[in-house]
Amino acid sequence: DTGVSQDPRHKITKRGQNVTFRCDPISEHNRLYWYRQTLGQGPEFLTYFQNEAQLEKSRLLSDRFSAERPKGSFSTLEIQRTEQGDSAMYLCASSPGTLGNEQFFGPGTRLTVL
Amino acid sequence: AQRVTQPEKLLSVFKGAPVELKCNYSYSGSPELFWYVQYSRQRLQLLLRHISRESIKGFTADLNKGETSFHLKKPFAQEEDSAMYYCALSGRGYSSASKIIFGSGTRLSIRP
């Protein structure tokens, strides 16, 4: 499968714990995006990387959230001191960065905070 | 404010009937408009984009700048069209083509 992959697919954690998600984009896609989707809503933008540089962050991304893309390939999204309101589907997408901005989405990581 | 509005949460039509999923947007500048679709147990995928001006799976969407709308249409619905549909926009051009802003989605259900 040469599409965007995410790991884990599901994560259940207790409030206050830290969690980390991984995204592997399509090879040679230099742009990588993180979105969050809650029930009944469309995906909401969190942050985006061009290669290893984090170029934009949403105000949704509180201080408890941090994302990295150290070598310009895979990315990680960490949530510290999770809260019940963090329960959501976390989606990763990648694009080649050419004009047109078609983004290819991964299957998502579903986070449940108890 | 940048916003995409899909007024219908659920649209249910009979097989063979015409389908129109409504989408209105608010954006300062010239956005690029998309329709994304998510079939049951599958990932979100691009259905069509306004710059392509093509028909995908019988669906078309015309950008109406005067009404700031990008409604999705299909003349004859098929059962396999049942899915969640998201209207979305992003900025145009290499430097502004970053985040995509999604609407809240419309669930299309095709009755046999």
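Procedures and definitions
Residues numbered from 1 in each chain as written. Chains lettered and ligands numbered in written order. Predicted model: local features only at pLDDT ≥ 70, side-chain atom pairs only at ≥ 80, totals over all residues. Heavy atoms only, no water. Pairing = 2+ DSSP bridges. Helix = DSSP H or I, 4+ residues; strand = E, 2+ residues; numbered from the N terminus. Axes fitted to C-alpha atoms, helices over the stretch in contact; angles between N-to-C directions. Buried < 20%, exposed > 50% of the residue type's maximum accessible area, 1.4 Å probe, protein only. Core = buried A, V, L, I, M, F, W, Y, C linked by side-chain atoms within 4.5 Å. Contact = heavy atoms within 4.5 Å. Buried area = accessible area lost by both parts, 1.4 Å probe. Salt bridge = Lys/Arg side-chain N within 4 Å of Asp/Glu carboxyl O. Polar contact = N/O pair within 3.5 Å; in protein donor to acceptor, adjacent residues only side chain to side chain. Nonpolar A, V, L, I, M, F, W, Y, C, P; charged D, E, K, R; others polar. Disulfide = S-S within 2.5 Å.

Caption draft 1: Summary view of the sheet that holds strand E7 (residues 65–68) of chain A. Residue and element names in this part refer to chain A. On the basis of which strands lie adjacent, the open sheet formed by four strands has the order E1-E3-E8-E7 and antiparallel pairing. The sheet is open, and its two borders are formed by strand E1 (5–7) and E7, each paired with just one other strand. Each strand axis lies, on average, 15° off the axis of its neighbour in the sheet, ignoring direction. Examined bridge by bridge, strand E3 (residues 19–24) and strand E8 (residues 75–79) share five bridges and lie antiparallel to one another. The residue bridging Phe21 from the neighbouring strand is Leu77, located in E8.

Caption draft 2: Spotlight on the pairing of strand E2 (residues 10–14) of chain B. Residues and elements named next belong to chain B. Only one face of E2 is buried, namely the one carrying Leu11 and Val13, since none of Leu10, Ser12 and Phe14 on the opposite face is buried. Sheet analysis places E2 next to strand E11 (residues 106–111), joined by five bridges and oriented parallel. The residue of E11 that forms the bridge with Leu11 is Leu108.

Caption draft 3: Summary view of the nonpolar core. Membership of the largest hydrophobic core comes to 25 residues, with the highest contact counts inside it found for Trp35, Leu72 and Tyr85 of chain B. Elements supplying a minimum of two residues to this core: E2, strand E3 (19–21), strand E5 (32–38), strand E6 (45–49), strand E9 (83–90) and E11 of chain B. Take this core: its biggest share by element is four residues, from E9 of chain B. If we ignore the near neighbours within four places in the chain, the residues touching Tyr85 of chain B are Gln6, Leu21, Trp35, Tyr36, Val37, Leu47, Phe59, Leu72, Gly105, Thr106 and Leu108 of chain B. Core analysis: the next-biggest nonpolar cluster, separate from the first, contains 19 residues, Val4, Ile26, Leu61 and Ala88 of chain A among them.

Caption draft 4: Structural detail: the interface of chain A and chain B. Facing 25 residues of chain A, the contacting portion of chain B comprises 19 residues. Counting each side, the surface lost to burial between chain A and chain B is near 1800 Å², with a carbon and sulfur contribution of 48%. The tally of links from chain A across to chain B stands at two salt bridges. For Glu102 of chain A, the salt bridge is made with Arg49 of chain B, and the minimal N-O distance between the two is 3.7 Å. Our count for the contact surface shared by chain A and chain B stands at six residue pairs in polar contact (both at pLDDT 80 or more). Of the residues contributing to the side of chain A that touches chain B, the split by class is nine nonpolar, twelve polar and four charged.

Caption draft 5: Structural detail: the state of the cysteines. Scanning all chains against the criterion turns up two disulfides over all chains. Each disulfide pairs two cysteine sulfurs, and for Cys23 of chain A the partner residue is Cys92 of chain A, the sulfurs being separated by 1.8 Å. One quick way to see it: the torsion about the S-S bond of Cys23 of chain A and Cys92 of chain A is about -70°, and its sign makes the bridge left-handed. Residue Cys23 of chain A is found in strand E3, and its partner Cys92 of chain A is found in strand E9 (residues 88–95); the two are separated by 69 residues along the sequence. The buried category is assigned to Cys23 of chain A, whose relative accessible area is 0%. The exposure class assigned to Cys92 of chain A is buried, which follows from its relative accessible area of 0%. Note on cysteine connectivity: Cys23 of chain B is disulfide-linked to Cys87 of chain B, with sulfurs 1.9 Å apart. Note on the Cys23 of chain B and Cys87 of chain B pair: the S-S dihedral is about -65°, so by sign convention the disulfide is left-handed. Here Cys87 of chain B lies in strand E9 and Cys23 of chain B lies in the loop between E3 and strand E4 (24–26), a separation of 64 residues in the sequence. On the basis of relative accessible area, Cys87 of chain B is assigned to the buried category, the value being 0%.

Just distances and angles here, no functional claims.
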